Amino acid sequence: MSGKADPRPAGEGTTSRARLDRGRGALGPALELVHTGRAPTRAVLTAELGVTRATAGAVAAELVALGLIRVDARPGAAAGSQGRPSHRLEVAQDGPVVLAAQVHADGFRAALVGLGGRIVATTPSCEAVDADPAKVLGAAVDAGAELLRRTGRRCVGAGLAVPSAITEPDGLALNPLHLAWPAGAPVREVFAERIRAAGVTGPAFAANDVNLAALAEHRHGAGRGARDLLCVATGHRGVGGALVLDGRLHTGSSGLALEVGHLTVNPEGRACYCGSRGCLDVEADPLALLNTAGRQPGPEGSLLQQANQLIREEYGDPVVRMAVDALIDRLGLGLAGLVNILNPDRIILGGLHRTLLAADPDRLRAVVTDRSLWGHSGGVPILACSLDHNSLVGAAELAWQPVLDDPLRALTAA
């Protein structure tokens, strides 16, 4: 199993191995429970898995032997508690990592991400994106490989987040409008090639950045515990959406579901790249805010940084306030339409939309309530995304998934 000698008496070791054999199918589910924070103790793990205490102990011990989790056998008892406290479980801080990369309109970033969604190391954001996807992805992978060399961590896979719908199963970037990449660029194949060329081990994956943000938030952030989670976000350019149903991303028949950026929210509005007018993509992103406020984008900082800074520092300006109100109203119209169609139990907002929510939460919630059928029957909670770099963390989740599915096989292959 782990390749280590068993120091226990022969009879005890045989019994433990038998328990583990019975619970081997629980290794993946057990790791996912610890990874997502849903099993903070061995007692909770036992209950969630529906196994005996001894089997849960054997499963936890094997995950420790694989270097994935650690068990605190002597946790401090909570004040006023009775009986012996259960062993605490947490991901191994010095365990393996995955390489995550994100490309957006204003640059790219690479990171190493451990279990639990913890960013172990990250590169500074590069503020240039070449029109050749191979050059950009090669630079991002090289930056991540340098992090691996510096930290000496074991890598078990790699994931990439891009601002485009990614087709399944081909891994093509269908509409990388804000990157000047050719439509249909084979980003998954190119990313995998660069990963192999850099000597990085493990499988490589690629997906849409907002899909991955939603996945990360559902497992580790503001979406935790939601059954039907809707995520809408604008990062650097455009607007994206994602839906998590029963813990799984809903990507449609070919990976193209939830292209919410092309909902019409202002029929007489700006011309959109898709050929229509007034799409959410061009009416509720950072550039739209700057334009509506009569501000020209500057050379310093990304569009997202400039838009957030405008709200933080000049919200008292009547022109800026009117621009913020206009974007909130357009965003609210889009969310109301999505609520009518999808009936989610929670909405989370990322990027500039998180800042708009913080600026005037009552206005946004009122628009969604007034314009949606389900809003009148109690409303849908609207929350801000809570993770920094959630698309990077989501890209890491792609690479962690084979390990969560079958830890023994994945770590043997990596």
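Cut-offs applied
Per chain, the residues get numbers from 1 upward, laid out in the order the sequence is written. Only residues with pLDDT of at least 70 get local features here, since the model is predicted, and only at 80 or more are side-chain atom pairs given and counted; chain-wide, interface and lining totals rely on the full set of residues. Hydrogens and water are ignored here; the side-chain numbers use all heavy atoms of the structure. UniProt positions are given in the numbering used here, feature names are shortened, and annotations may be inferred rather than shown by experiment. By definition, any uninterrupted DSSP run of H or I lasting at least four residues is a helix, any uninterrupted run of E lasting at least two residues is a strand, and each is numbered from the N terminus. Here the globule rule reads 2.2 Å times residues to the power 0.38, and the radius of gyration is calculated from C-alpha atoms. Accessibility here uses a 1.4 Å probe with only protein chains present; expressed as a share of the type maximum, an area under 20% marks a residue as buried, one over 50% as exposed, and anything in between as partly exposed. What makes two residues a contact is simply this: any of their non-hydrogen atoms within 4.5 Å. To measure how exposed things are, a 1.4 Å probe is used in the Shrake-Rupley method; for residues, cover is taken only from the protein chains shown. Asp and Glu are treated as the negative residues and Lys and Arg as the positive ones, with His and the ends of the chain left uncounted. For this purpose, a charge sits on NZ of Lys, CZ of Arg, CG of Asp or CD of Glu. Salt bridges are counted wherever a side-chain nitrogen of Lys or Arg sits within 4 Å of a carboxyl oxygen of Asp or Glu. The angle between two axes is taken between their N-to-C directions and runs from 0 to 180 degrees, where each axis is a line fitted to C-alpha atoms and a helix contributes only its stretch in contact. In this scheme, roughly parallel covers angles under 35 degrees and roughly antiparallel covers those over 145, while 65 to 115 is roughly perpendicular and the rest are oblique. When residues are sorted by character, Ala, Val, Leu, Ile, Met, Phe, Trp, Tyr, Cys and Pro go into the nonpolar class, Asp, Glu, Lys and Arg into the charged class, and all the rest, Gly among them, into the polar class. Arc definition: it is the arc formed by the directions from the helix axis to the C-beta atoms. Pairing between strands requires that DSSP locate at least two bridges from one strand to the other. Here a crossover is taken to be right-handed if, once the strands point away from the viewer, the path from the first strand over the helix to the second is traced clockwise.

Going by the annotation in an unreviewed UniProt entry, the name recorded for the protein is NBD/HSP70 family sugar kinase, with Streptomyces achromogenes given as the source organism. Turning to the protein, the UniProt annotation filed under Sequence similarities (unreviewed entry) states: "Belongs to the ROK (NagC/XylR) family."

Chemist: How should I be thinking about the overall build of the protein in this particular structure?
Modeler: From N to C terminus, the protein includes 15 helices and 12 strands. Relative to its length of 414 residues, the protein is compact, with a C-alpha radius of gyration of 23 Å against a globular reference of 22 Å. Dimensions of the protein, computed from the C-alpha atoms along their principal axes, are close to 80 × 50 × 40 Å. Counting the 414 residues in the protein, one finds 51% classified as buried. Within the protein, contacts between residues separated by at least 24 positions form 63% of all contacts whose residues are at least 6 apart in sequence. For the protein, the exposed surface amounts to about 18100 Å²; the carbon and sulfur share of it is 51%. The averaged location of the 42 negative side-chain charges in the protein is 8 Å from the averaged location of its 40 positive side-chain charges.

Chemist: Is there a simple way to think about the pattern of salt bridges in this case?
Modeler: For the structure on display, the rule yields 16 salt bridges. Between aspartate 246 and arginine 227 there is a salt bridge; the shortest N-O distance is 3.0 Å. One end of the pair, aspartate 246, is in the loop between β9 (240-245) and β10 (248-249); the other, arginine 227, is in the loop between α7 (209-220) and β8 (228-234), and 19 residues separate them in sequence. The salt bridge partner of glutamate 314 is arginine 295, with a shortest N-O separation of 2.9 Å. With a gap of 19 residues between them, glutamate 314 in helix α10 (residues 303-314) and arginine 295 in the loop between α9 (286-292) and α10 connect regions that are remote in the sequence. Given the relative accessible area of 25%, arginine 295 is considered partly exposed. A single salt-bridge network, built from bridges that share partners, covers Arg321, Asp325, Asp329, Asp360 and Arg363.

Chemist: What should I look at first to understand the packing of helix α2 (residues 27-35) against helix α4 (residues 53-65) in this one?
Modeler: Between two packed helices, what matters for the description is the angle formed by their axes and the separation of those axes. Where α2 contacts α4, the two axes come as close as 10 Å, and the packing angle between them is 75°. On the basis of the axis angle, α2 is roughly perpendicular to α4. For the pair formed by α2 and α4, the contact residues are Leu27, Ala30 and Leu31 on the first element and Val59, Glu62 and Leu63 on the second. In the contact of α2 with α4, the residues fall into five nonpolar, no polar and one charged.

Chemist: Explain the environment of leucine 373 to me, please; I cannot follow it from the model alone.
Modeler: Within the element layout of this structure, leucine 373 appears in the loop between α13 (361-371) and β12 (382-384). Counting along the chain gives 37 residues from leucine 373 to alanine 336, while the straight-line C-alpha distance between them is 8.2 Å.

Chemist: Explain the side chain of histidine 353 to me, please; I cannot follow it from the model alone.
Modeler: Along the chain, histidine 353 turns up in helix α12 (residues 352-359). Setting aside residues no more than four positions away along its own chain, histidine 353 makes contact with Val232, Ala233, Thr234, Val239, Ala284 and Leu331.

Chemist: I keep staring at helix α3 (residues 42-49) and nothing clicks. Help me out?
Modeler: Helical geometry: 3.6 residues make up each α-helical turn, so side chains three or four residues apart lie on a common side. Three or more residues of α3 are buried, namely Arg42, Leu45, Thr46 and Leu49. One face of α3 carries all of its buried residues, which in axial projection span an arc of 100°. Where the residues of α3 are buried, they touch α2, α4 and β2 (88-91).

Chemist: In this structure, what is going on with the pairing of strand β7 (residues 204-208)? I would like to understand it.
Modeler: Across a regular strand the side chains alternate sides, sitting on one face of the sheet and then on the other. β7 sits mainly inside the fold: four of its five residues count as buried. Here strand β6 (residues 155-162) runs beside β7; their pairing, made up of five bridges, is parallel. Considered in β7, the bridge of alanine 161 is made with alanine 207. Note on the crossover from β6 through helix α6 (residues 187-197) to β7: the handedness is right-handed.

Chemist: How should the sheet that holds strand β3 (residues 97-104) be read in this particular structure?
Modeler: Either a parallel or an antiparallel arrangement is found when strands of a sheet pair, and the pairing is made through backbone hydrogen bonds. Pairing in this open sheet of five strands is mixed, and the strands run β5-β4-β3-β6-β7 from one edge to the other. The open sheet has two edge strands with one neighbour each: β5 (119-122) and β7. Neighbouring strand axes in the sheet, compared pairwise and without regard to direction, differ in orientation by 25° on average. Here five bridges tie β3 to β6, and the two strands are oriented parallel to one another. Note that in β6 the partner of glutamine 102 across the bridge is alanine 161. Contacting β3, β6 and β7, α7 runs over the sheet at an angle of about 100° to β7. Against the sheet, helix α14 (residues 390-405) engages β3, β4 (107-113), β5, β6 and β7, with an angle of about 140° to β3.

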